[in-house]
Amino acid sequence: MSKPFARRWRLVLPLAGAASILLFWQFLIPAAGVPPYIVPTPARVAAVFAHDWSLLWGGFVPTLLESIAGFALGNSVAVLLAVLFVYNRRFEAAYFPVVLFFNTIPVLALAPVIILIFGLGMLPKIIIAAVICFFPTLVNMIRGLQAVSTSELELFRVLSATRAEVFWRLRLPRAMPYLFASLRIASATAVIGAVVGEWIGSDKGLGALIIQSTFNYQSDRLYAAIVVSSSLAIALFLIVVAVESRVIRYR
Amino acid sequence: MAEAIRARGLEIGYELETGPLSVLGSLDLTIAEGEFLTILGPSGCGKSTLLRVIADLLEPLGGALQVLGETPAAVRARRDVAFVFQDSTLLPWRTVRGNVELPLLVGRRSLGRQITTSVDELLALVGLAELANRFPHQLSGGQRQRVAIARALLCNPRILLMDEPFGALDEMTRDRLNDELLRLWRRTGATILFVTHSIMEAAYMGQRVLVLGANPGRVKTILDLRLSKDATGHCPREAPALVEAMGRLRQELARE
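None of the values given here were measured: they were computed from a predicted structure.

Q: Can you tell me about the overall build of chain A, naming the residues and giving the values?
A: Secondary structure assignment for chain A yields ten helices and zero strands. For 251 residues, the compact-globule estimate of 2.2 N^0.38 gives 18 Å, and the C-alpha radius of gyration of chain A, at 23 Å, exceeds that figure by more than 25%. The buried share of chain A, reckoned over its 251 residues, is 42%. Carbon together with sulfur atoms contributes 72% to the accessible area of chain A, which is approximately 13,900 Å² in total. The positive charge centre, built from 20 side chains, and the negative charge centre, built from 10, are 10 Å apart in chain A.

In C-alpha cells:
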C-alpha cells in the first residue's frame, strides 16, 4: 500500500518545498531590511509579469529564436563532424586535438571575438549558442557511432550490408541514446549561449534585458527575466525529452 | 552426397600488426551437405575462428577452403550461409519482427534472389508468433536466441554456423532449444556447424563431433556418433551410447 502514497508525495513535496522557500523569501527579505531594488520579493517579480508583459515577451522572442537556431546549427555541425571523424581516422587524428583546444576557450572569452567578426545582429548570438552546444554533442556522437559491437558488425557483414546500410541501419540508431543525452544538455546551454551573446552586444533579448535592469537597479525586472530564461531552457529541455521518447521507444 | 565444406591444409588465425597469428593449422575436414557437426574444444582452440573463416568474416592464413564448392565470399554474398552469435545480436530498436526481417532490409543488392519465406510462418516455427511486436529487452535469453535463429533461417541458408548459441542460457532452456534446433535441422535439411563448450550438448546434437585442442590449435579427433543415433539423428540424452560418447569426449579433451 506504500506505493500510491509515495507517488502522491513525489509531486506534493517538491511543490511544498518551493512554496515554503518563496514564502520565506517574501517575508524574510523585507524583515531583514534588504531594499527591494537589491532583492525583490516574489510578489514584486510576479507583478512584473502582469505590468510589463510586453517587455518580457519582446525580450523572450529574440532569445528563443537565437537559442533554437544555435541549437540546430551547433548540433548539426557536431553530428556531421562526428560522422567524418568516425569514418576518417586520419582526419580525426589531425583535427580532434584542434577541436579539443577550441573547447578549452571559455565561452565568455570567445563571445567578444565572435561579436567582432559577425557584428551586432542575431547571427553572432546564434553562433555563440551553437558553439556552446557543439562540443558535448560531438564527443557523444563519436562515442555513439562507435558503440557497435563486434558481433553486430559481423552480422551486417554476413548479410553483405553496404557501408551506407551499416551507417543508417546500425551505427546511427546505436548512436541515438548518446545523441539525445547531449541534446538534453544542449537544450539548456543553447539558452545560456544566446543570453551571454546578448550581454556582450545587444539591445534585444533576455540577456540585454538582464544587463539593462541590473544597471538600472530594476531588480524585479531582472528576476522576471531570469525566470523567463530558465523557463525557456526548461521548455526546450522538455521538447527534447518528448522527441527522444518518440525516437527511442525501446527502453 | 555433395560436400558442404572442404578444407585442405587450412590454416586460420588473425593478421596482427606484428604478423600473422595462427590459431589452428593444417586442418583437413570434409563436411557433407545436411550434416550436423558439433565443434568442441577449450578456449583458444580456434573453434569460433573456424566458423568466421567459413562465413567469410575472416580470411584464411593459408590452405584451401571450399564452401558448397565455391569461395566463402561467393556463398556469403548469396546468403547460403547464416551465422548465429552467442549474444543474440538483436538490434534493440527493432521489434522481434523487425529483427527477423533485417536480412530483407540490408545487403539485398548482392543477394540476387527473391526471399519468399513468410516471416509469420518463421515466427510461428520458432514459437514467437505471439511476441512479434515485442522489443528485445522484453524477451528472455532463450526467446532472444529463437529470434536470432529465425533471422538466420529467413534466407533459407544451406549452411548454418552457430557460435555457442545457447552458451549463456540456463540448462533447462538450453535442453529445450537443443531439441527445437534438431527439429528445425530435420525440417530444413541445412548443414549445421555448432560450436559449444558443453560435452553434453556436443554429443547430443552432433552426428559427428570435431574435438579441437589448444596451444597449438589442432584437431584431436572426430567422433562419429551416427551409428548411435536413429535415422532422424535422435538419441535419448540418457542412452548408454551417448553416455559412453561423452566419456570418450571428456578423455579426448583431457588428453595432452
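Q: Break down the overall build of chain B for me, with residues and values.
A: Along the backbone of chain B there are nine helices and nine strands. Scaling as 2.2 N^0.38, a compact globule of 256 residues should have a C-alpha radius of gyration of about 18 Å, and chain B matches this with 18 Å. For chain B, the C-alpha atoms occupy an extent of roughly 50 × 45 × 35 Å along the three principal directions. For chain B, with 256 residues in total, the buried portion stands at 56%. Long-range contacts, defined here as pairs at least 24 residues apart, represent 70% of the contacts in chain B between residues at least 6 apart. Taken together, the 31 basic and 30 acidic charged side chains of chain B have centroids lying 3 Å from each other.

Q: Now, about the domain arrangement of chain A: what can you tell me, with residues and values included?
A: All names here are of chain A. By domain assignment, chain A separates into domain 1 (1–34) and domain 2 (40–250). Computed from C-alpha coordinates alone, the two centres of domain 1 and domain 2 are separated by 31 Å. In total, about 400 Å² of surface goes out of reach between domain 1 and domain 2, with carbon and sulfur atoms giving 73% of it. On inspection of domain 1 and its partner domain 2, the count reaches zero salt bridges. At the junction of domain 1 with domain 2, the criterion picks out two residue pairs in polar contact (both at pLDDT 80 or more). Its residues assigned to classes, the side of domain 1 that touches domain 2 comprises three nonpolar, one polar and no charged.

Q: So, the pairing of strand β9 (residues 218–224) of chain B: which residues are in play, and what are the values?
A: For a regular strand, side chains alternate in direction, first toward one face of the sheet and then toward the other. Of the strand pairs in this sheet, strand β8 (residues 208–213) of chain B and β9 of chain B are connected by six bridges, and their pairing is antiparallel. Following the sheet pairing, R208 of chain B is matched in β9 of chain B by D224 of chain B.

Q: Go over the pattern of salt bridges, please, and point to the residues and values.
A: All names here are of chain B. Enumeration according to the criterion identifies 23 salt bridges over all chains in this entry. With a closest N to O distance of 2.9 Å, E33 and R158 form a salt bridge. Residue E33 is located in the loop between β2 (19–32) and β3 (36–40), and its partner R158 is located in the loop between α6 (141–153) and β6 (159–163); the two are separated by 125 residues in the primary sequence. Taking the relative accessible area as the measure of exposure, R158 reaches 35% and is therefore partly exposed. Shared partners join several salt bridges into a network, and the residues in it are E33, E70, R78, D80 and R158.

Q: Got a sec to walk through helix α1 (residues 47–54) of chain B? Specific residues and values, please.
A: Residue and element names in this part refer to chain B. The buried fraction of α1 amounts to seven of the eight residues, a majority that puts the element mostly inside the structure. Here α1 has its buried residues at K47, T49, L50, L51, R52, V53 and I54. Phi for D56, located one or two positions after α1, is positive at around 65°.

Q: Please give an account of the packing of aromatic side chains that cites residues and values.
A: This structure, assessed with the given rule, holds 14 aromatic pairs over all chains. Look at F36 of chain B and F194 of chain B: their rings are 5.9 Å apart centre to centre, the planes differ by 45°, and that puts the pair in the tilted class. A residue pair is termed long-range when its members are at least 10 positions apart, and F36 of chain B in strand β3 and F194 of chain B in strand β7 (residues 191–196) qualify at 158 residues. Each member of the pair, F36 of chain B together with F194 of chain B, is buried. Residues F83 of chain B and F85 of chain B carry aromatic rings whose centres are separated by 4.6 Å and whose planes lie at 25° to one another, so their mutual orientation is stacked. F85 of chain B carries the same exposure label as F83 of chain B, and that label is buried. Following the ring pairs from residue to residue traces out a cluster consisting of F85, F91, Y95 and F96 of chain A. Across the ring face of Y87 of chain A, the terminal group of R171 of chain A is positioned such that the distance to the ring centre comes to 5.8 Å. The ring centre of Y204 of chain B lies 4.0 Å from the NZ or CZ of R237 of chain B, which sits over that ring.

Q: Give a detailed account of empty space enclosed by the protein, specifying residues and quantitative values.
A: By the definition in use, this model includes two cavities of 30 Å³ or more. The space that makes up the largest cavity amounts to roughly 110 Å³. Every residue lining the largest cavity is listed: L155, V158 and L159 of chain A together with R79, V81, A82, F83, P103, R151, A152 and C155 of chain B. For the lining of the largest cavity, the elements supplying multiple residues, two or more each, are α7 (150–158) of chain A together with β5 (81–84) and α6 of chain B. Top contributing element to the lining of the largest cavity by residue count: β5 of chain B, with three residues. Its volume calculated, the second largest cavity comes out at about 40 Å³.

Q: Hey, could you go over the interface of chain B and chain A for me, with residue numbers and the actual values?
A: Taken together, the contact pairs 28 residues of chain B with 19 residues of chain A. Counting the surface lost from both chain B and chain A, the interface buries some 2,200 Å², and carbon and sulfur atoms represent 64% of this. By the criterion of area lost to chain A, the three top residues of chain B are R76, W93 and V106 of chain B, representing 27% of everything that side buries. Between E154 of chain A and R52 of chain B there is a salt bridge, with the nearest N and O atoms lying 2.7 Å from each other. Counting the contacts that link chain B with chain A gives nine residue pairs in polar contact (both at pLDDT 80 or more). Contributing elements (two or more residues each) for the side of chain B that touches chain A: α2 (72–77), β5 and α4 (102–105) of chain B. Within the side of chain B that touches chain A, the residues separate by chemical class into 15 nonpolar, four polar and nine charged.

Q: Explain the sheet that holds strand β1 (residues 3–16) of chain B to me, and be specific about the residues and the numbers.
A: All names here are of chain B. On the basis of which strands lie adjacent, the open sheet formed by three strands has the order β2-β1-β4 and antiparallel pairing. Because the sheet does not close on itself, it has two edges, and the strands there are β2 and β4 (62–67). Averaged over all pairs of adjacent strands, the angle between their axes in this sheet comes to 25°, without regard to strand direction. The sheet contact formed by β1 and β2 spans ten bridges and is antiparallel. By the bridge assignment, I12 is partnered in β2 with L24. Set on the sheet, α1 makes contact with β1, β2 and β4; between it and β1 the angle comes to about 110°.

Quick notes on the rules
- Residues numbered from 1 in each chain as written.
- Chains lettered and ligands numbered in written order.
- Predicted model: local features only at pLDDT ≥ 70, side-chain atom pairs only at ≥ 80, totals over all residues.
- Heavy atoms only, no water.
- Helix = DSSP H or I, 4+ residues; strand = E, 2+ residues; numbered from the N terminus.
- Rg over C-alpha atoms; globule rule 2.2 N^0.38 Å.
- Buried < 20%, exposed > 50% of the residue type's maximum accessible area, 1.4 Å probe, protein only.
- Areas by Shrake-Rupley, 256 points an atom, 1.4 Å probe, with all protein chains shown as cover.
- Lys, Arg positive; Asp, Glu negative; His and termini not counted.
- Charge placed at Lys NZ, Arg CZ, Asp CG, Glu CD.
- Contact = heavy atoms within 4.5 Å.
- Domains from an automatic or database assignment.
- Buried area = accessible area lost by both parts, 1.4 Å probe.
- Salt bridge = Lys/Arg side-chain N within 4 Å of Asp/Glu carboxyl O.
- Polar contact = N/O pair within 3.5 Å; in protein donor to acceptor, adjacent residues only side chain to side chain.
- Nonpolar A, V, L, I, M, F, W, Y, C, P; charged D, E, K, R; others polar.
- Pairing = 2+ DSSP bridges.
- Phe/Tyr/Trp six-rings, centres within 6.5 Å; stacked < 30°, edge-to-face > 60°.
- Lys NZ or Arg CZ within 6 Å of the ring centre and 35° of its normal.
- 1 Å grid on protein atoms, 1.4 Å probe; cavity = no way out; pocket = protein on both sides within 12 Å on 5 of 7 lines; lining within 4 Å.
- Points joined across faces, edges and corners; volume = space filled by probe spheres on them.
- Axes fitted to C-alpha atoms, helices over the stretch in contact; angles between N-to-C directions.

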